[in-house]
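Chains, contacts and geometry: an overview
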Amino acid sequence: MSDDTLPPYVRGLLEPSAYPEPPASVELAQTHISYVFLAGDVVYKTKKPVDFGFISQLTPEAREQYCHDEVRLNSRLAPDVYLGVVPVVRRADGRFAVESEGEVVEWAVKMRRLPDDRTLDRILAGEGPPPRLAERLVQTLIAFHEAAAVVPNDPEYAGGPGERKWWSREYGEAAGFIGDTWRAEDAEATKAFFDETIEAQQALFDQRLADGRVVEGHGDLHAKHVYLLEGGEQVAIVDCIEFTDWFHFRYLDVGYDIAFLAMDLEARGFPELGDEVAGRYIAAACDETMGVLQPLHRAFRAFVRGKVESIGAHATEISTEERERLWASAAAYFRLAASFGGRRAAPCVVVMSGLPATGKSTVAATLAGRIGAAYLSSDATRKQLAGLNPRERAAAEFRSGLYNAEMTERTYEELRTRAHVHLEAGRPVVIDAMHGRASERAAAIEMARAHGVPALIVELRLDDEAARARIEGREDDPLRTSDATWEVYERQRGQFEAVGTSEGPQLVLDATLPPAASARAIAERLPARS
């Protein structure tokens with residue numbers, strides 16, 4: 001769009017004198033719904049008068065309200081970035097300005113400008129993932145989701161029926177791209193996967209809504225919206241969706257929010273990081289069923305990106321070079337969407353085993369998210385049976401009762417009871433527990449046998465020195481659910497019964513491997529869902 005076709009106030013705001021502290025120059029960027037003015041250390045954003053159905057901001061009142069909504073919502077994850085809503089005015093001399101006296105012609109969101117080179121996408125493309133990135137991201141997102149407003153329990157809006165309506169609308173909008181950006185075989189595989197899973201999981205969608213797992217989230221968790229500041233210690237996330245109340249935008253399952261980031265990381269060439277982020281979130285949130293829907297949620301996200309890029313590729317005003325780039329990007333997203341269904345495992349039981357600090361929880365939850373399995377944690381289950389928050393550190397005087405033989409048996413029985421429910425629903429199950437006795441492992445295997453599904457024992461091993469370092473290093477971790485100390489480790493090491501070759505199919509893994517690498521090694525040993 002040339003300067004001559006821009007609205008008068010936009011042309012006016014390209015002048016440095018239009019700002020309270022005039023910058024050396026002003027850069028204009030545009031999205032399909034906004035004008036963005038980069039004015040030195042400050043950014044101003046105004047809303048375009050557009051109506052796309054899911055967003056309508058034709059009136060000045062709507063645009064002003066969306067500005068206030070943008071500041072309110074984004075202050076949750078970037079409180080120091082969003083500075084407020086300010087007027088764009090026409091001065092008495094006819095010139096346009098922000099934060100000045102005159103006739104108000106528009107409203108703008110005022111933001112602190114963040115360094116361009118500190119977005120997660122650029123960091124990954126340059127230096128690669130910094131240490132403990134997944135943990136920092138999950139700490140930020142767990143706190144955000146737990147503080148977010150919970151969506152009312154209306155299944156027609158955000159439960160099983162809501163999912164059906166969303167997919168029906170989305171497929172109708174994308175069907176025209178089949179044979180173009182969307183290969184016919186990819187479209188067929190994706191539609192079959194979505195149709196089957198949405199129908200099979202109607203009760204689960206409703207249950208997650210009733211359990212408060214559908215919230216007012218972010219809705220647009222691209223890596224390019226994540227900033228790593230202060231040497232990577234501070235995470236700021238911007239550009240939450242504010243412009244619509246439709247389901248699947250910012251009102252969404254927490255797992256769908258996480259799935260966007262996991263999918264985006266994979267699309268950028270970092271699939272193991274995406275798997276680990278989802279896994280650490282599942283484990284820290286003690287979310288038993290988030291993993292069941294992860295393949296679907298990640299495929300949803302890739303499909304939507306494919307549709308959006310396809311729309312862009314068919315716009316008339318873009319260059320041939322940009323059209324080709326968008327076409328290739330859309331096709332890649334559609335191919336990625338089609339791949340997630342094939343990663344799911346058939347119903348089975350994975351019996352995790354190993355001493356404390358071997359990383360069982362992270363590996364187990366990462367696996368669950370990758371293969372579409374329920375995740376059952378002994379740490380979380382034990383504390384839930386005792387009426388404790390799973391991330392609450394049990395007081396020393398309470399631990400003897402929490403970890404005695406009777407409570408341990410109750411915990412394992414409850415894990416098997418929950419596993420039974422998921423197997424009856426046709427889901428694979430990952431049981432995250434020490435399983436330090438042969439009898440405990442045998443009980444899990446017998447349960448799988450009773451359901452006619454295969455079982456795999458997975459033992460993680462780590463030397464004592466590395467285990468001690470991990471135990472001491474996680475002492476202040478706010479997301480930990482285990483109460484194990486070095487003294488507990490030493491006692492359990494002496495009592496641990498090694499997995500015998502006669503116990504059944506098994507896999508022994510080095511616990512120093514990255515969690516996602518271990519999860520993939522396990523997944524390769526499991527039966528695929530047909």
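Residues numbered from 1 in each chain as written. Predicted model: local features only at pLDDT ≥ 70, side-chain atom pairs only at ≥ 80, totals over all residues. Heavy atoms only, no water.

**As for the packing of aromatic side chains**
For the structure shown, the criterion picks out 22 aromatic pairs. Considering the side-chain rings of phenylalanine 54 and phenylalanine 249, the 5.4 Å spacing of their centres and the 20° angle between planes classify their relative orientation as stacked. Within this pair, whereas phenylalanine 54 is found in the loop between strand E3 (42-47) and helix H2 (60-74), its partner phenylalanine 249 is found in the loop between strand E9 (234-237) and strand E10 (251-253), the two being separated by 195 residues in sequence. Take phenylalanine 249: its relative accessible area is 15%, and that puts it in the buried class. On the numbers, 5.4 Å between centres and 55° between planes, the contact of tryptophan 167 with tyrosine 171 is tilted. One end of the pair, tryptophan 167, and the other, tyrosine 171, are both in helix H6 (residues 160-174), 4 residues apart, so they sit about a helical turn from each other. (Phe/Tyr/Trp six-rings, centres within 6.5 Å; stacked < 30°, edge-to-face > 60°. Helix = DSSP H or I, 4+ residues; strand = E, 2+ residues; numbered from the N terminus. Buried < 20%, exposed > 50% of the residue type's maximum accessible area, 1.4 Å probe, protein only.)

**A closer look at the sheet that holds strand E11 (residues 349-353)**
Read across the sheet, 5 strands follow the order E12-E13-E11-E14-E15 without closing on themselves; strand pairing throughout is parallel. Both outer strands of the open sheet, strand E12 (374-377) and strand E15 (506-510), are each paired with one neighbouring strand and no more. Strand-to-strand, the axes of this sheet are offset by a mean angle of 20°, without reference to chain direction. As judged from the 5 bridges shared by E11 and strand E14 (residues 455-461), these two strands associate in the parallel manner. In the strand pairing of E14, serine 353 is matched with glutamate 459. Here helix H13 (residues 360-371) sits on the sheet and contacts E11, E12, strand E13 (429-432) and E14; the angle it forms with E13, its principal contact strand, is near 170°. (Pairing = 2+ DSSP bridges. Axes fitted to C-alpha atoms, helices over the stretch in contact; angles between N-to-C directions. Contact = heavy atoms within 4.5 Å.)

**Examining the packing of helix H14 (residues 378-385) against helix H16 (residues 405-424)**
Running from N to C, H14 and H16 point in directions that differ by 110°, and their axes come no closer than 9 Å. Accordingly, the angle class assigned to the pair H14 and H16 is roughly perpendicular. Where H14 crosses over H16, the handedness of that crossing is right-handed. Residue-level contacts link Ser378, Thr381, Arg382, Gln384 and Leu385 of H14 to Met407, Thr408, Arg410, Thr411, Glu414, Leu415 and Arg418 of H16. (Parallel < 35°, antiparallel > 145°, perpendicular 65-115°, else oblique. Left-handed = near helix turned anticlockwise from the far one by under 90°.)

**Overview of the sheet that holds E3**
Within a sheet, each strand pairs with its neighbour through backbone hydrogen bonds, oriented either parallel or antiparallel. Strand order across the open sheet formed by 6 strands is E1-E2-E3-E6-E4-E5, with antiparallel pairing between neighbours. The outermost strands of the open sheet, each flanked by one partner alone, are strand E1 (27-30) and strand E5 (96-98). Here the strands of the sheet are splayed against their neighbours by 25° on average, with no regard to which way each runs.

**Section: the pairing of strand E8 (residues 226-229)**
Consecutive side chains of a regular strand alternate in pointing toward one face of the sheet and then the other. In E8, alternate side chains face the same way, and those of Val226 and Leu228 on one face and Tyr227 and Leu229 on the other are all buried. Bridging between E8 and E9 involves 4 bridges; their strand directions are antiparallel. Note on E9: the bridge partner recorded for leucine 229 is glutamine 234.

**A few points about the pattern of salt bridges**
Scanning all chains against the criterion turns up 42 salt bridges. Between arginine 468 and glutamate 472 there is a salt bridge whose closest N-O contact spans 3.1 Å. In this pair, arginine 468 and glutamate 472 are both assigned in helix H18 (residues 464-473), 4 residues apart and thus about one turn of the helix distant. Judged by relative accessible area, which is 38%, arginine 468 ranks as partly exposed. The exposure class of glutamate 472 is exposed, given its relative accessible area of 51%. In this structure, a network of salt bridges that share partners links the residues Lys45, Lys47, Glu70, Asp239 and Glu242. (Salt bridge = Lys/Arg side-chain N within 4 Å of Asp/Glu carboxyl O.)

**Concerning the environment of proline 428**
Looking at the element boundaries, proline 428 is found in the loop between H16 and E13. Given a relative accessible area of 1%, proline 428 falls into the buried group. Once the C-alpha coordinates of proline 428 and leucine 326 are considered, the two residues, 102 residues apart in sequence, prove to be 37 Å apart. With residues up to four places along the chain from it excluded, the contact list for proline 428 reads Ala345, Ala346, Pro347, Cys348, Ile371, Gly372, Ala373, Ala374 and Arg529.

**Here's the deal with the state of the cysteines**
Summed over all chains, the structure comprises 0 disulfides. Of all cysteine sulfurs in the structure, the one in cysteine 240 sits closest to cysteine 67, which takes part in no disulfide; the separation is 14 Å. (Disulfide = S-S within 2.5 Å.)

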